[in-house]
Amino acid sequence: IMDKDESYFAATENHEDKIQGDEATLNEILRLKDIYFKLNKDSQKEVWSYFQALTVLSEQYLSC
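A brief structural summary. What you see is a predicted model, and the numbers here were worked out from it, not measured in a lab.

A few words now on the overall build of the protein. Counting its regular elements, the protein contains four helices and zero strands. In the protein, the succession of α and β elements from N to C terminus is α-α-α-α. By the burial criterion, 16% of the 64 residues in the protein qualify as buried. In the protein, the share of contacts with a sequence separation of at least 24, taken over all contacts with a separation of at least 6, comes to 56%. Summed over its atoms, the accessible surface of the protein is roughly 5,100 Å², and 54% of this surface lies on carbon and sulfur atoms.

Written as structure tokens, this is what we have:
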């Protein structure tokens, strides 16, 4: 996420630990992947900004 690597969305193996036979989760991941790649470049940059902010906030929360 911090490197803005698009393979995060494209490769489902990045999410195998979350899927584990859960078809609903897999479908949601695939839906989000489709949405991401339909966005224009500016919107994709904004998605990365949100994900990066959420990652930092999550790490800060977990360290408390």
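Here we come to a nonpolar patch on the surface. Together, I1, M2 and V56 make up a nonpolar patch on the protein surface, roughly 230 Å² of accessible area in all. On the secondary structure map, I1 appears in the segment before α1 (7-10).

Procedures and definitions
Residues numbered from 1 in each chain as written. Predicted model: local features only at pLDDT ≥ 70, side-chain atom pairs only at ≥ 80, totals over all residues. Heavy atoms only, no water. Helix = DSSP H or I, 4+ residues; strand = E, 2+ residues; numbered from the N terminus. Buried < 20%, exposed > 50% of the residue type's maximum accessible area, 1.4 Å probe, protein only. Contact = heavy atoms within 4.5 Å. Areas by Shrake-Rupley, 256 points an atom, 1.4 Å probe, with all protein chains shown as cover. Patch = residues over 30% accessible without salt bridge, like charges linked within 9 Å, V, L, I, M, F, W, Y side chains within 5 Å. Salt bridge = Lys/Arg side-chain N within 4 Å of Asp/Glu carboxyl O.

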